[in-house]
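# Descriptive structure summary
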Amino acid sequence: MATSDGSDYFKRTSLFWIVSVTVAVGYFSFTVFAPEKVPFGHLGPFGSFCRYLVDNHADLMYKGWWAAFAIHVAEAVYALKVCSAKGISSPTARFLWFFQTFLFGFASLGLLLKYDPKRLKKP
């Protein structure tokens, strides 16, 4: 069995977070950029609330979308810094951490922060 010094460590985030973040960000993006395509009437009270936000606070939602985008970029850049600090030097692993953290935010960054390269694994 091959062993690693941890320089190529990568762990995919759970399917729960992949689906949850994808649906939430997708819904938010459609609500901000294409609200006419969102079936607010079929979403009950949540749809009514979102319709209210679109009608009365579209500028705030637009700014919120860009703020969320900027936060995800900042998290992804921070993931690269954490990779360096934890000795993850493989370009492929670093790219995977950057990309996954950009897409899924703290759901990915949390896994990287929990990684302890000094912890010895018991055989």
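Anyway, here's the lowdown on the structure attached to this text.

Analysis parameters
- Sequence order as written defines residue numbering, which begins from 1 separately in each chain.
- Only residues with pLDDT of 70 or above have their local features reported here, since the model is predicted, and side-chain atom pairs are shown and tallied only from 80 upward, although totals for entire chains, interfaces and linings are computed over all residues.
- The side-chain figures draw on all heavy atoms in the structure; neither hydrogens nor water molecules are used.
- Each pair of aromatic rings taken from Phe, Tyr and Trp, with Trp reduced to its six-membered ring, is defined by centres within 6.5 Å and is described as stacked if the planes are under 30 degrees apart, edge-to-face if over 60, and tilted in the remaining cases.
- Comment: elements are numbered from the N terminus, with helices defined as DSSP H or I runs of at least four residues and strands as E runs of at least two.
- Relative accessibility decides the category of a residue: with a 1.4 Å probe and only protein chains considered, values under 20% of the type maximum give buried, values over 50% give exposed, and everything between is partly exposed.
- The set of buried Ala, Val, Leu, Ile, Met, Phe, Trp, Tyr and Cys residues whose side-chain atoms join them within 4.5 Å is what this entry labels a nonpolar core.
- Note on definitions: a residue-residue contact is assigned when non-hydrogen atoms from the two residues lie within 4.5 Å.
- Multiply 1.5 Å by the residue count of a helix minus one, and that product is the helix's expected span.
- Arc definition: it is the arc formed by the directions from the helix axis to the C-beta atoms.

## So, the packing of aromatic side chains
The full count for this structure, using the stated rule, is 13 aromatic pairs. Relative to Tyr115, the ring of Tyr9 has its centre 3.8 Å away and its plane inclined at 5°; by these criteria the two rings are stacked. Of this pair, Tyr9 sits in the segment before α1 (15–33) while Tyr115 sits in the segment after α5 (106–114); the two residues are 106 residues apart in sequence, bridging distant segments of the chain. Given the relative accessible area of 13%, Tyr115 is considered buried. Note on Phe10 and Trp97: the rings are 5.0 Å apart at their centroids and 65° apart in plane angle, and the pair reads as edge-to-face. Within this pair, whereas Phe10 is found in the segment before α1, its partner Trp97 is found in helix α4 (residues 91–104), the two being separated by 87 residues in sequence. Judged by its relative accessible area of 29%, Phe10 is partly exposed. Note on Trp97: relative accessible area 0%, which makes it buried. In this structure an aromatic cluster arises from ring pairing among Phe33, Tyr62, Trp65, Trp66, Phe69 and Phe102.

## Quick notes on the nonpolar core
Ala79, Val82, Cys83, Ile88, Ala93, Trp97, Leu109, Leu111, Leu112 and Tyr115 together form the largest nonpolar core, which totals 10 residues. When near neighbours in sequence (up to four residues on either side) are disregarded, Trp97 contacts Tyr9, Phe10, Lys11, Ala79, Cys83, Ile88, Ser108, Leu111 and Leu112. Listed in part, the eight residues of the second largest apolar core include Val38, Cys50, Met61 and Trp65.

## A short note on the side chain of Ser29
Checked against the element boundaries, Ser29 lands in helix α1. Ser29 sits in the buried class, given a relative accessible area of 18%. Non-local contacts of Ser29, meaning those with residues more than four positions away in its chain, are made with Ala34 and Trp65.

## Some words on the environment of Ala58
The topology assignment puts Ala58 in helix α3 (residues 58–85). Given the relative accessible area of 41%, Ala58 is considered partly exposed. Spatially, the C-alpha atom of Ala58 lies 34 Å from that of Leu80, the residues being 22 residues apart in sequence.

## So, helix α2 (residues 44–56)
Along its 13 residues, α2 runs 18 Å from first to last C-alpha, staying within 8% of the 18 Å computed at 1.5 Å per residue. All of the buried residues in α2 are Gly47, Cys50, Leu53 and Val54. Relative to the axis of α2, the buried residues are bounded by an arc of 120° and lie together on one face. Buried-residue contacts for α2 involve α1 and α3.

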